[in-house]
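Structure assessment
Listed below, chain by chain, are the residues.
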Amino acid sequence: QVQLVESGGGLVQPGGSLRLSCAASGSIASIYVVGWYRQAPGKQRELVARITSNDAITYVDSVKGRFTIFRDTAKNTVYLQMNSLKPEDTAVYSCNVLLVTVDWQSINTWGQGTQVTVSS
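Summarised in this report is the structure supplied together with it. If you're wondering where the values come from, they're calculated on a predicted model, not measured in any experiment.

Conventions and cut-offs
Per chain, residues are indexed from 1 in the order of the written sequence. With pLDDT at 70 or above as the cut-off, local features in this predicted model cover only qualifying residues; side-chain atom pairs require 80 or more to be listed or tallied, and sums for whole chains, interfaces and linings still use all residues. To get the side-chain values, all heavy atoms of the structure are used, and hydrogens and water are removed first. Aromatic rings from Phe, Tyr and Trp, with only the six-membered ring used for Trp, were paired whenever their centres fell within 6.5 Å, and each pair was classed as stacked if the ring planes differed by under 30 degrees, edge-to-face if by over 60, and tilted otherwise. Counting from the N terminus, the helices are the DSSP runs of H or I reaching at least four residues and the strands are the DSSP runs of E reaching at least two. Buried residues are those whose accessible area, probed at 1.4 Å on protein chains only, stays under 20% of the maximum for their type, while exposed residues exceed 50% and partly exposed ones sit between those limits. Whether a charge sits over a ring depends on NZ of Lys or CZ of Arg being within 6 Å of the ring centre and within 35 degrees of the ring normal. Only buried residues count toward a nonpolar core, which is a set of Ala, Val, Leu, Ile, Met, Phe, Trp, Tyr and Cys residues joined through side-chain atoms within 4.5 Å. When two cysteine sulfur atoms are found within 2.5 Å, that pair is recorded as a disulfide.

This brings us to the packing of aromatic side chains. Evaluated as defined, the whole model comprises 2 aromatic pairs. Plain terms: the ring middles of Tyr37 and Trp110 are 5.0 Å apart, the flat faces sit at 55 degrees to each other, and that makes the pair tilted. Within this pair, whereas Tyr37 is found in strand E4 (residues 28–39), its partner Trp110 is found in strand E10 (residues 106–110), the two being separated by 73 residues in sequence. Since its relative accessible area comes to 19%, Tyr37 is described here as buried. What makes Trp110 partly exposed here is its relative accessible area of 33%. Seen from their ring centres, Phe70 and Tyr79 are 5.1 Å apart, and the 25 degrees between their planes marks the pair as stacked. Taking the relative accessible area as the measure of exposure, Phe70 reaches 28% and is therefore partly exposed. One residue, Arg19, lies across the ring of Tyr79, its end atom 5.9 Å from the ring centre. For Arg45, the ring lying beneath its charged end belongs to Tyr37, and the centroid distance is 5.9 Å.

Turning our eyes to something else, we now look at the nonpolar core. The biggest cluster of nonpolar side chains holds 30 residues, and the ones touching the most others in it are Trp36, Phe67, Leu80, Met82 and Tyr93. Among the elements that make up this core, the one with the highest residue count is strand E9 (residues 91–101) (5 residues).

Applying the stated criterion across every chain, the model contains 1 disulfide. Paired through a disulfide, Cys22 and Cys95 show a sulfur-sulfur distance of 2.1 Å. Its S-S torsion of approximately 65 degrees makes the covalent link between Cys22 and Cys95 right-handed. Placement of Cys22 in strand E3 (residues 18–26) and of Cys95 in strand E9 is noted, with a sequence separation of 73 residues between them.

Purely geometric numbers; function is a separate question.
This is the structure we're talking about:
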């Protein structure tokens, strides 16, 4: 019914940049909330950034000033622009989307995850 595709991860040197994307497709009426999460080996998953349909945006303190979350509504896509990357940003990044379908079903779904590795 709904498909969610993440992309943009990879290997980058400290100080470099990556842009992650989370694209939703299917019988979507509205997207309520998109959150980017990350989980490093041996650590709990944490919320990195979130954007709502009301354009409310939150970031975890450790990425403020470096990461930017934004949407392209026409493409049903939310991006996470990551600049000034640090080794401690290394993790699997996943997007979580809350949406409603055209037949009024509310769905909470996750992307498959994309690896971000920051290393020299």
